[in-house]
Amino acid sequence: MTVESSAARKPRRSAAGKAGTAGTRRSTRSTAMQGTEPELVQLLTPEGKRVKNAEFDGYVAGITPDELRGLYRDMVLTRRFDAEATALQRQGELGLWASLLGQEAAQIGSGRATREDDYVFPTYREHGVAWCRGVDPTNLLGMFRGVNNGGWDPNGNNFHLYTIVIGSQTLHATGYAMGVAKDGADSAVIAYFGDGASSQGDVAESFTFSAVYNAPVVFFCQNNQWAISEPTEKQTRVPLYQRAQGYGFPGVRVDGNDVLACLAVTRWALERARNGEGPTLVEAFTYRMGAHTTSDDPTRYRHDDERVAWEAKDPILRLRAYLEASDLADEGFFAELEAESETLGRRVREAVRAMPDPDRFAIFENVYADGHALVDEERAQFAAYQASFADAEGGN
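Throughout what follows, the structure given in this document is the object of discussion.

Definitions and cut-offs
- Residues numbered from 1 in each chain as written.
- Predicted model: local features only at pLDDT ≥ 70, side-chain atom pairs only at ≥ 80, totals over all residues.
- Heavy atoms only, no water.
- Helix = DSSP H or I, 4+ residues; strand = E, 2+ residues; numbered from the N terminus.
- Buried < 20%, exposed > 50% of the residue type's maximum accessible area, 1.4 Å probe, protein only.
- Contact = heavy atoms within 4.5 Å.
- Areas by Shrake-Rupley, 256 points an atom, 1.4 Å probe, with all protein chains shown as cover.
- Phe/Tyr/Trp six-rings, centres within 6.5 Å; stacked < 30°, edge-to-face > 60°.
- Lys NZ or Arg CZ within 6 Å of the ring centre and 35° of its normal.
- Polar contact = N/O pair within 3.5 Å; in protein donor to acceptor, adjacent residues only side chain to side chain.
- Axes fitted to C-alpha atoms, helices over the stretch in contact; angles between N-to-C directions.
- Left-handed = near helix turned anticlockwise from the far one by under 90°.
- Nonpolar A, V, L, I, M, F, W, Y, C, P; charged D, E, K, R; others polar.
- Salt bridge = Lys/Arg side-chain N within 4 Å of Asp/Glu carboxyl O.
- Expected span 1.5 Å × (residues − 1).
- Arc of directions from axis to C-beta.

Focus on the overall build of the protein
When helices and strands are counted, the protein shows 14 helices and seven strands. Across the 396 residues that make up the protein, the buried fraction comes to 49%. Long-range contacts, defined here as pairs at least 24 residues apart, represent 75% of the contacts in the protein between residues at least 6 apart. Accessible surface computed for the protein: about 18300 Å², of which carbon and sulfur atoms make up 50%.

Written out as C-alpha cells, the structure is:
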C-alpha cells in the first residue's frame with residue numbers, strides 16, 4: 001500500500017540534484033528504472049499473473065469474465081482508433097495528433113471506474129476515457145482536423161472538452177467539485193493531467209483549493225515519464241504521488257499498465273470523494289510509447305532500450321495473458337475483436353474525410369454579443385483576402 005496522507009518519507013537526494021550534469025541525470029534515471037522507485041499498487045504482473053493486494057482486491061472482487069473481456073476490448077479498440085488517427089495525420093488529414101499508445105490501461109481502468117453522474121475533465125490525450133464515457137471517437141478528431149472547437153456536448157456525457165492549456169483543467173475540475181459539494185450531490189469529479197502538468201502553478205492551486213474545501217475530486221496523473229522532452233526526474237525530487245502529503249490529502253502510486261489496478265484504485269478514490277472524504281492524488285506510473293504528438297521526435301531525447309523495457313509491460317498483452325491463462329477468452333473472441341477493430345478503423349477514416357469544411361467567417365461570430373467595429377473591420381479584410389483567390393483563379 002503506497003497511500004501516504006500524514007507522515008512524509010524522507011526526500012531523495014539524487015545524483016542529478018547534486019551534480020546537475022546530463023550524465024548524472026541519465027544515471028539517476030537508469031537507477032529508477034531498476035526498481036529503486038517506491039512500490040506501486042499492482043494486481044496483474046507484466047506476465048499477466050494475478051497478485052493479491054489486501055487494500056484494493058475488494059474493489060475488483062466482483063468483476064465478471066464479461067467485464068474482464070470488456071476491459072480488454074476497450075483497450076484494443078482504443079489503441080486501434082489511436083493508430084488510425086496517427087496514420088490520418090501522417091496522410092495530411094489531421095493537423096496534429098496526441099497519441100495515447102502505452103497508456104490504455106490507465107485510461108480504460110480509471111474511465112470504467114466512473115459513474116454516469118461523475119464529471120470528467122480531460123487534457124487532450126484521454127481518448128480511452130472518452131471511449132468509456134460514450135463519446136464517439138470520430139467526434140474527437142474534428143478539433144485536430146480544424147473543423148470545430150471540440151465536437152461534442154460536454155454535458156451529454158459529463159465529459160468536458162479537451163483542454164490544450166497545460167494544467168488549467170485541474171482548476172476547472174476543482175471549482176466544479178466545490179459546486180457539487182455545495183449542491184449536496186454524491187457524485188465525484190476526476191481531473192486528468194500528465195507529469196509535465198504537475199509542475200504548473202494551476203495544479204498546485206487546485207490542490208490547495210480542493211484540500212481546503214474538501215472538494216470531491218480525484219486528481220489522476222498519468223506519469224508517462226516524459227513531459228515532451230523533459231524526464232520526470234528534472235521536475236521533482238520525490239515521486240509525484242507524495243506531493244499530496246503537503247496539501248493534506250492522500251496520494252497513491254498505481255501500476256499504470258495494469259488495468260485492474262487502475263480500476264480498483266480509481267474506484268477507491270472516487271468512493272472517498274463521494275463519501276465526503278475530500279480529494280485524492282492518483283499517480284498512474286506508465287509510459288508514453290510514441291511521440292508526445294505527431295510533431296515530436298522522441299528519438300532525439302530518449303533511448304530505444306528504454307522503450308524496449310516498457311514494451312515488455314504492455315497493458316494489452318498483460319491482460320490477454322491473464323485471460324488466456326484463466327481460460328476466460330478463446331481464439332474466437334480475439335478474432336472477432338480483430339475484425340471489429342478493423343471496422344472501427346474504416347469508420348474513422350471515412351468519417352474524417354467526410355467532415356465538411358467549417359464556415360470561414362464563423363471565427364468572427366460570438367466574439368462580442370453586440371458586435372464590435374474592430375471585428376467588423378477584420379471580417380471585411382478577411383473577406384477581401386478570400387476574394388483575392390477567386391480573382392486570381394478567374395484571371396488564369
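Side note on the packing of aromatic side chains
Scanning the entire structure with this criterion turns up 29 aromatic pairs. Centroid distance Phe207 to Phe219: 4.8 Å. Interplanar angle 65°. Geometry classified as edge-to-face. Of the two residues, Phe207 is situated in helix H9 (residues 201-212) and Phe219 in strand S3 (residues 217-223); the sequence distance between them amounts to twelve residues. For the pair Phe207 and Phe219, a shared accessibility class is recorded, and that class is buried. Through a chain of ring-to-ring contacts, three or more aromatic side chains come together here, namely Phe81, Trp97, Phe144, Trp152, Phe159 and Tyr162. The aromatic ring of Trp310 is capped on one face by Lys313, whose charged end is 4.1 Å from the ring centroid. Above the ring of Phe334, the side-chain terminus of Arg320 is found at 3.7 Å from the ring centroid.

As for the side chain of Thr286
For Thr286, the position within the fold is in the loop between strand S7 (280-285) and helix H11 (304-311). Given the relative accessible area of 0%, Thr286 is considered buried. A polar atom in the side chain of Thr286 sits 3.2 Å from the backbone oxygen of Gly102. The contact partners of Thr286, leaving out residues within four places of it in the chain, are Gly102, Gln103, Asn223, Asn224, Gln225, Gly256, Asn257 and Trp310.

Remarks on the packing of helix H3 (residues 65-90) against helix H13 (residues 331-353)
At a minimum axis distance of 9 Å, the contact between H3 and H13 shows a crossing angle of 35°. Where H3 crosses over H13, the two elements pack in a sense that is right-handed. Where H3 approaches H13, its residues Arg69, Tyr72, Arg73, Val76, Leu77, Arg80, Phe81, Glu84 and Leu88 are matched on the opposing element by Phe333, Phe334, Leu337, Glu340, Ser341, Glu342, Leu344, Gly345, Val348, Arg349, Val352 and Arg353. Per-class residue counts for the contact of H3 with H13 are eleven nonpolar, two polar and eight charged.

Here we look at the pattern of salt bridges
Within this structure, the stated rule accounts for 24 salt bridges. For the salt bridge of Glu93 with Arg145, the shortest nitrogen-to-oxygen distance reads 2.8 Å. Highlighted residues: Glu93 in the loop between H3 and helix H4 (104-111) and Arg145 in helix H6 (residues 142-145), separated in sequence by 52 residues. A relative accessible area of 25% means that Arg145 is categorised as partly exposed. One salt bridge in this structure joins Glu93 and Arg353, with 3.6 Å as the shortest N-O distance. Of this pair, Glu93 sits in the loop between H3 and H4 while Arg353 sits in helix H13; the two residues are 260 residues apart in sequence, bridging distant segments of the chain. The exposure class of Arg353 is partly exposed, given its relative accessible area of 44%. What you see here is one network of salt bridges that share partners, running through Arg80, Glu84, Glu342 and Arg349.

Section: unusual backbone geometry
You will see that Asn158, though not glycine, has its phi angle at about 55°, which is positive. With respect to the secondary-structure elements, Asn158 resides in the loop between helix H7 (154-157) and helix H8 (168-183). The backbone phi angle of Asn366 is positive, close to 65°, even though this residue is not glycine. By the secondary structure assignment, Asn366 is in the loop between H13 and helix H14 (373-395).

What about H9?
With twelve residues, H9 ought to run about 16 Å at 1.5 Å a step, and its terminal C-alpha atoms sit 17 Å apart, in line with that. Of all the residues in H9, the buried ones are Val203, Ser206, Phe207 and Ser210. One face of H9 carries all of its buried residues, which in axial projection span an arc of 100°. In the core, the buried residues of H9 are packed alongside H8, strand S2 (189-194), S3 and S7.

Describing the side chain of Thr293
With respect to the helices and strands, the residue Thr293 is situated in the loop between S7 and H11. Owing to a relative accessible area of 10%, Thr293 belongs among the buried residues under this scheme. If we skip the residues at most four places from it in the chain, Thr293 touches Leu96, Trp97 and Ala98.

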